[in-house]
Structure formats: C-alpha cells, structure tokens
Amino acid sequence: MSLSTHIFLKEREEDNSKFVEIQQSQTTCIAAEDPLQNLCLASQEVLKKAQQNGRSKCLKCGGSRMFYCYTCYVPVENVPIEQIPHVKLPLKIDIIKHPNETDGKSTAVHAKLLAPEFVNIYTYPCIPEYEEKDHEVALVFPGPKSVSVKDISFHLQKKSQNSIRGKNDDLDKPSVKRKKTEEQNLNDSKCKATTLKKIVFIDSTWNQTNKIFTDERLQGK
C-alpha cells in the first residue's frame, strides 16, 4: 500500500468520525428542542369504551363521574385500573391546590392518576414542611427572583452552602476553629445530594395564587 493511499484512508476515517459526531450533536439538539419526540402513547381504547358507556360510579366515594374521580384520584368503575398506564417520574411532585379551585376542572388530577407514587395533591392551607429539605425542593412559579430550570442545581447548592455558613457564624467559637468547621461542613455539603428531588406547583387561578405563594412555608423555594 502506498503512502498516499494510507493518508487517504486515514483522512476518510477522520471525516467519517466527524460526520458521526455531527449527527450525534444534531440528534442531541433536536431532542433538547423537542422533548416529546420519543413520546409513546398508550392505547385509548379503554377510554373510548368508557365514553360510550357514559358516566360510571367511583369505587371509593360512589360519586358519578366520567373516566375518573377527581375527588378520590382513581379511575371509575368502567375504567379498569390495570389498563391505565403508570409512569415513573425523575422526581417527586407536590401540588398545592387552592380550596376554591373547582376539582372537576383541575388538571393536577391527571398527574396523580398517571404517576400516583410520585405525585401528591394538598389543599391549601395544608402544606408539607420543607424547611429541612430546602436544598432538594423548588417551587415552580414566575417572579423577580426566579431562576431558570438549567440553573436550579447550582442555585440549590449555593443555598445549601449559605445555610451552612449561617449556622457556623457563631462568635463564641475561636475564629480558626470556626473556619475549619465551616470548611468541613461545606465539603460535606458538596458530598450530599443537592440534586433537585421535588417540585412544588400551585394549582389555582392567577387571582388566587398570591395567597399561596406568599405563605411563609413556601418562601425561599
């Protein structure tokens, strides 16, 4: 094999490698732009049959509903629960619903039906305690201090470190010891999972959100 042929083959391999990298990069960009491109839809046959049969009874409360009970968060009698697809979410979801929000119009129930192990719905003023898990929880709500989704992890880690610094700000401790303790705790905090583990949503009309959003239990999320 001549030297020129060897160089030609090598250049061709490099071109092929670059082409593959470009394709992979384009695929990644497309996936980022269209997160639903790999969405798989389950059969809707069970819902079509239920619609033909009309309203049915909720097996828990006995109420007459179509498809599902928006009070008990379960399918009705003529919709077999084993035929309803269940999805696994990458994190937990808490939904805080305003008491005046009409249950039958709330789309939060859909999330509870499809991911019952990952979604919890609370009616305000009932709100879980998040104080000890600030570095793992984020509230999705627009505001002047909101951060983008891509910056959430950094924001949570920073908040966790600031919290540790605040706890170590004890004037009674010798400065050297206090600094050493702070550094140790900061290193420990980096080892701890500051990954987002739970998202909190508010389910209400815009006119009703302020009362929930300003609740002190949700401040700093």
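Cut-offs used in this document
Residues numbered from 1 in each chain as written. Predicted model: local features only at pLDDT ≥ 70, side-chain atom pairs only at ≥ 80, totals over all residues. Heavy atoms only, no water. UniProt positions renumbered as here; feature names shortened; annotations may be inferred. Helix = DSSP H or I, 4+ residues; strand = E, 2+ residues; numbered from the N terminus. Buried < 20%, exposed > 50% of the residue type's maximum accessible area, 1.4 Å probe, protein only. Contact = heavy atoms within 4.5 Å. Areas by Shrake-Rupley, 256 points an atom, 1.4 Å probe, with all protein chains shown as cover. Core = buried A, V, L, I, M, F, W, Y, C linked by side-chain atoms within 4.5 Å. Salt bridge = Lys/Arg side-chain N within 4 Å of Asp/Glu carboxyl O. Pairing = 2+ DSSP bridges. Right-handed = clockwise from strand over helix to strand, strands pointing away. pLDDT = per-residue confidence, 0-100. Axes fitted to C-alpha atoms, helices over the stretch in contact; angles between N-to-C directions. Phe/Tyr/Trp six-rings, centres within 6.5 Å; stacked < 30°, edge-to-face > 60°. Lys NZ or Arg CZ within 6 Å of the ring centre and 35° of its normal.

- Naming follows an unreviewed UniProt entry, where the chain appears as tRNA-uridine aminocarboxypropyltransferase 1 of Cervus elaphus hippelaphus.
- Reading the Subcellular location (unreviewed entry) entry of the UniProt record for the chain gives the comment "Nucleus".
- The record in UniProt for the chain states the following under Catalytic activity (unreviewed entry): "a uridine in tRNA + S-adenosyl-L-methionine = a 3-[(3S)-3-amino-3-carboxypropyl]uridine in tRNA + S-methyl-5'-thioadenosine + H(+)".

1. Section: the overall build of the chain
Working step 1: Regarding its fold elements, the chain presents 6 helices and 8 strands.
Working step 2: Seen in sequence order, the chain has helices and strands lined up from the N terminus as α-α-β-β-β-β-β-α-β-β-α-α-β-α.
Working step 3: Counting every position in the chain, which comprises 221 residues, the buried fraction comes to 29%.
Working step 4: Partitioning the contacts of the chain with sequence separation of at least 6, the portion at a separation of at least 24 is 67%.
Working step 5: Summing over all exposed atoms, the chain offers an accessible surface of approximately 16000 Å²; the carbon and sulfur share of this is 53%.

2. What about the nonpolar core?
Working step 1: Among the nonpolar cores identified, the biggest contains 13 residues, and Leu-91, Ile-93, Ile-95, Val-119, Ile-121, Leu-196 and Ile-199 are the most heavily contacted of them.
Working step 2: Where this core is concerned, the elements lending two or more residues are β5 (92-97), β6 (119-123) and α4 (152-167).
Working step 3: In this view, Ile-95 contacts Ala-108, Val-119, Asn-120, Ile-121, Tyr-122, Phe-201 and Asp-203; residues no more than four positions away in its chain are not counted.
Working step 4: One finds Tyr-124, Tyr-130, Leu-139 and Ile-212 within the second-largest nonpolar core, a separate group that totals 11 residues.

3. Focus: the pattern of salt bridges
Working step 1: A complete count under the given rule lists 4 salt bridges for this structure.
Working step 2: The partner of Lys-97 in a salt bridge is Asp-103, and the shortest N-O contact between them spans 2.8 Å.
Working step 3: Residue class for Asp-103 comes out partly exposed when judged on its relative accessible area of 29%.
Working step 4: The partner of Asp-215 in a salt bridge is Arg-217, with the nearest N and O atoms 2.9 Å apart.

4. Concerning the pairing of β5
Working step 1: In terms of residue burial, β5 counts as a mostly covered element, since 5 of its 6 residues are buried.
Working step 2: Pairing analysis gives 6 bridges linking β5 to strand β8 (residues 198-203), with the strands arranged parallel. Note on β8: the bridge partner recorded for Ile-95 is Phe-201.
Working step 3: In this sheet, β6 lies alongside β5 in parallel orientation, the contact comprising 5 bridges. Residue pairing across strands places Ile-95 opposite Ile-121, the latter belonging to β6.
Working step 4: Regarding the hand of the β-α-β motif, the stretch spanning β5, helix α3 (residues 108-114) and β6 is right-handed.

5. Remarks on the confidence of the model for the chain
Working step 1: Summing up the model confidence of the chain, the mean pLDDT is 75 and the portion of residues at 70 or higher is 67%.
Working step 2: The low-confidence segment residues 189-193 (pLDDT under 50) makes 8 contacts with residues lying over four places distant or belonging to another chain.

6. Describing the sheet that holds β5
Think of a sheet as strands paired side by side through backbone hydrogen bonds, with each pair either parallel or antiparallel.
Working step 1: Pairing within the open sheet is parallel, and its 4 strands lie in the order β6-β5-β8-β7. Edge positions in the open sheet fall to β6 and β7 (137-139), since each of these has one partner strand only. Between one strand and the next, the sheet's axes are offset by a mean angle of 20 degrees, whatever the strand orientation.
Working step 2: Sitting on the sheet, helix α6 (residues 206-213) is in contact with β5, β7 and β8, with an inclination near 135 degrees to β8.

7. Some details on the packing of aromatic side chains
Working step 1: Evaluated as defined, the whole model comprises 2 aromatic pairs.
Working step 2: Ring geometry for Phe-141 against Phe-213: centres 4.4 Å apart, planes inclined by 20 degrees, an arrangement best described as stacked. Residue Phe-141 is located in the loop between β7 and α4, and its partner Phe-213 is located in helix α6; the two are separated by 72 residues in the primary sequence.
Working step 3: Judged by its relative accessible area of 28%, Phe-213 falls in the partly exposed class.
Working step 4: These aromatic residues form a ring-pair network of at least three members: Phe-141, Trp-206 and Phe-213.
Working step 5: Above the face of the Tyr-70 ring, Arg-65 is positioned so that its terminal group lies 4.3 Å from the ring centre.

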